[in-house]
Amino acid sequence: MAIRQIVKIDEELCNGCGACVTPCAEGTIVLVDGKARVTDEALCDGAGFCLPVCPTGALTIETREAPAFDEERAEELMHERGPAYIAQRCFRCETGEDEAHLVPVRHQGQSLWVCTRCLPALIHS
């Protein structure tokens, strides 16, 4: 066991949409009984790519004692799973990430993506 960062899923906030499943490159987040769950803590690298896609804010990163990250096993599973990709769009102007840089934001209680063109207006409004 090691003290490290790991994804925590608040079951009460999780609506079971599954948006966090694909960004989890290691495949440790799955839907179980209609809720997202980290099924194997040794496969969670704590990077948090799953956080900004959650529409309810149910996912957070916590630092606590957990099994050491099993990079070798995670690499094997990612290779078996193949590439996973979710195309993101700016929530304000619908510009895709192939057209502009996108950054994750929390806005009105939601985790969203905004392009760098819309970000200044969002900050200053």
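Residues numbered from 1 in each chain as written. Predicted model: local features only at pLDDT ≥ 70, side-chain atom pairs only at ≥ 80, totals over all residues. Heavy atoms only, no water.

Requested: an account of the environment of Pro-23, with residues and values cited.
Mapping Pro-23 onto the fold places it in the loop between β1 (2–9) and β2 (29–32). Residues Pro-23 and Ala-36 lie 13 residues apart in sequence; the distance between their C-alpha atoms is 13 Å. Excluding anything up to four places from it in sequence, Pro-23 contacts Phe-49, Cys-50, Val-53 and Ile-86. (Helix = DSSP H or I, 4+ residues; strand = E, 2+ residues; numbered from the N terminus. Contact = heavy atoms within 4.5 Å.)

I'd like a rundown of the pattern of salt bridges, residues and numbers included.
Two side chains carrying opposite charge are able to pair once their charged atoms lie near each other. Counted according to the given criterion, the structure contains six salt bridges. Across the pair Glu-11 and Arg-37 runs a salt bridge whose closest N-O atoms are separated by 3.2 Å. Within this pair, whereas Glu-11 is found in the loop between β1 and β2, its partner Arg-37 is found in strand β3 (residues 35–38), the two being separated by 26 residues in sequence. You can call Glu-11 partly exposed: its relative accessible area is 45%. For Arg-37, a relative accessible area of 29% puts it in the partly exposed group. Close ionic contact of Arg-64 with Glu-62 constitutes a salt bridge, the shortest N to O distance being 2.5 Å. Taking the relative accessible area as the measure of exposure, Arg-64 reaches 24% and is therefore partly exposed. (Salt bridge = Lys/Arg side-chain N within 4 Å of Asp/Glu carboxyl O. Buried < 20%, exposed > 50% of the residue type's maximum accessible area, 1.4 Å probe, protein only.)

From the geometry alone we can't say anything about function, so treat these as descriptive.
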